[in-house]
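A look at the structure
Below, each chain spelled out in residue letters.
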Amino acid sequence: MATSAAVRAGPVRRPTSTIQRTRDRWFWVFVGPFAAGLLVFVYVPILWSVYLSFFDARNTVTPTTFVGLGNYTYLLRDPAFVSSMGTFVVFAAFIVPVTFACSLALALLVNRARVAQAFFRSAFFLPTACSYVIAAMIWRLSFFNGARFGLANSLLRSLGLENVNWLGGSNYWYWFVLVTLRLWLQVGFYMILFLAGLQRIPADTYEAAAIDGATGWRVLRWITLPQLRSTSVAVVLLLLISAFQAFDEFYNTLISVGGYPPFARPPLVYLYLIALGGGSQDLGLGSAGTIILTLVVVVIGVVQLKIFAVGGAEERA
């Protein structure tokens, strides 16, 4: 009787609290190493950098001379730093919308493709796997080297135009080189993000719009772009951070035997390397520059989020 009663009762179930503790234990087994690495190699250095920015830290990571906001005031009064900051604000104001528009346009075209969509998606994404250093060398030595056998100048001569010294002299043609290089390297990555957002939009939404007679620009303006709001916010934030952190393409495209050219505006990261790699090894000054750059990106990002939030509230109303 006891055996038959146990069979009828079914398998013994563990208490819910025991199951939850087991899940929590395995959660920390898998997540713990990554959380520890994030804490040790990301958050601790960030906090230490903030700490160093208030000290005169020359050739040491254990400073003793407190200077308060001295490093910040020095940088904000330094003509090279202020000029480079202004240049990269303008650079971000240009490259962010251009990359955004090109990535969105490619995503819309690839999403509408009925044949070989996987091929086009892979073809546009492949440049993102290329090293910035290698791509900069190709742009500099093969496409825009200023010599008569460069690809760009060969095309100009075929049109009856003269050669252009793309990376030399006091002209601003080097910006065209840098922008085209950056677009080639980055557009494919953001195109994939937009493609993921486009594929989350329900097909019946477009069918309803077609029934109402909406086509072309009206569909893009009133259906596609609002549905891509969250993706657009992420893309713009990533583009802003990437624009202010630009270094590899600038340095490897413009550097020469004589050093960084005086006519070209140096990237902000290059100024940090001068402060950190010079004879003074001023870690406090470099940390202050990093904090200033971070605050600029944060302020611009918050303003952008406010703009998108206002747009969302208006459309819901």
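A brief structural summary. Only a predicted model underlies this, so the values are computations on that prediction, with no experimental measurement involved.

Some points on the overall build of the protein
- Secondary structure summary: the protein contains 14 helices and zero strands in total.
- Put simply, the protein has 317 residues, and 34% of those count as buried.
- Sequence-distant contacts in the protein: of pairs separated by 6 or more residues, those separated by 24 or more amount to 68%.
- Only carbon and sulfur atoms are counted for the fraction: they give 69% of the accessible area of the protein, which is about 19,300 Å².

What about the side chain of Thr 224?
- Inspection of the secondary structure puts Thr 224 in helix H10 (residues 217-227).
- Assessed through its relative accessible area of 4%, Thr 224 is described here as buried.

Digging into the packing of aromatic side chains
- Enumeration over the complete set of coordinates arrives at 23 aromatic pairs.
- When the ring of Phe 54 is compared with that of Tyr 72, the centres are 5.7 Å apart and the planes differ by 45°; the resulting orientation is tilted. Linking Phe 54 in the loop between helix H2 (16-52) and helix H3 (70-77) with Tyr 72 in helix H3, this pair joins segments that are 18 residues apart in sequence.
- Through successive ring pairs, a cluster of aromatic residues spans Phe 88, Phe 91, Tyr 172, Tyr 174, Trp 175 and Phe 250.
- The lysine or arginine in question, Arg 221, covers the ring of Trp 222, its NZ or CZ lying 4.3 Å from the ring centre.

Let's talk about the environment of Tyr 172
- One can find Tyr 172 in the loop between helix H7 (151-158) and helix H8 (174-198).
- As a C-alpha pair, Tyr 172 and Ala 264 span 92 residues in sequence and 8.2 Å in three-dimensional space.

A closer look at the packing of helix H9 (residues 203-211) against H10
- In the contact formed by H9 and H10, the axes pass within 11 Å of each other and the chain directions differ by 145°. In this structure, H9 crosses over H10, and the sense of that crossing is right-handed. Between H9, through Thr 205, Tyr 206 and Ala 209, and H10, the contact on the second element is made entirely by Val 219, Ile 223 and Thr 224.
- Each residue belonging to the contact of H9 with H10 can be placed in one class, and the counts come to four nonpolar, two polar and no charged.

Looking at unusual backbone geometry
- The backbone phi angle of Ala 116 is positive, close to 55°, even though this residue is not glycine.
- Tracing the sequence through the fold places Ala 116 in the loop between helix H4 (79-112) and helix H5 (117-125).
- Residue classification places Ala 116 among the partly exposed positions, given a relative accessible area of 40%.

Notes on the nonpolar core
- Core analysis: the biggest nonpolar cluster contains 60 residues, and Phe 91, Trp 166, Phe 244 and Phe 250 have the highest contact counts within it.
- The biggest single contributor to this core is H8, with 14 residues.
- Those residues in contact with Phe 250 that lie beyond four places of it in its chain are Phe 88, Phe 91, Trp 175, Leu 178, Ile 255, Tyr 260, Arg 265 and Pro 267.

Digging into the environment of Arg 157
- When you line up the elements, Arg 157 lands in helix H7.
- A relative accessible area of 37% means that Arg 157 is categorised as partly exposed.
- In contact with Arg 157, not counting residues within four places along its chain, are Arg 148 and Asn 163.
- Here Asn 163 takes part through its side chain, which lies 3.3 Å from a polar atom of the side chain of Arg 157.

Cut-off values and rules
- Throughout this document, residue positions are counted from 1 along each chain, in the order its sequence is written.
- In keeping with the predicted nature of the model, local features appear solely for residues at pLDDT of at least 70, side-chain atom pairs appear and are counted solely at 80 or more, and the whole-chain, interface and lining totals rest on all residues.
- Values reported for side chains reflect all heavy atoms of the structure, with hydrogen atoms and water molecules removed beforehand.
- Strands here mean DSSP runs of E at least two residues long; helices mean DSSP runs of H or I at least four residues long; both are numbered from the N terminus.
- Exposed residues in this analysis have more than 50% of their type's maximum accessible area, buried residues have under 20%, and partly exposed residues fall in between, with area computed by a 1.4 Å probe over protein chains only.
- Two residues form a contact once any of their heavy atoms are found within 4.5 Å.
- Method for areas: the Shrake-Rupley scheme with a 1.4 Å probe, in which residue coverage is limited to the protein chains shown.
- Aromatic rings from Phe, Tyr and Trp, taking only the six-membered ring of Trp, are treated as a pair when their centres fall within 6.5 Å; an angle between ring planes under 30 degrees marks them as stacked, one over 60 as edge-to-face, and anything in between as tilted.
- Cation placement over rings: the criterion is NZ of Lys or CZ of Arg within 6 Å of the ring centroid and within 35° of the ring normal.
- Angles shown run from 0 to 180 degrees and are taken between the N-to-C directions of axes, each axis being a line fitted to C-alpha atoms and, for helices, limited to the stretch in contact.
- Two helices that cross are described as forming a left-handed crossing if the nearer one is turned anticlockwise from the farther one by less than a right angle, and a right-handed crossing if clockwise.
- Residues were grouped as follows: Ala, Val, Leu, Ile, Met, Phe, Trp, Tyr, Cys and Pro as nonpolar; Asp, Glu, Lys and Arg as charged; and all remaining residues, including Gly, as polar.
- To qualify as a nonpolar core, a set must consist of buried Ala, Val, Leu, Ile, Met, Phe, Trp, Tyr and Cys residues joined through side-chain atoms within 4.5 Å.
- Counting of polar contacts relies on pairs of N or O atoms within 3.5 Å, with two restrictions inside protein: one atom must be capable of donating a hydrogen and the other of accepting it, and residues adjacent in sequence are counted only when both atoms are side-chain atoms.

Purely geometric stuff here, so don't read any function into it on its own.
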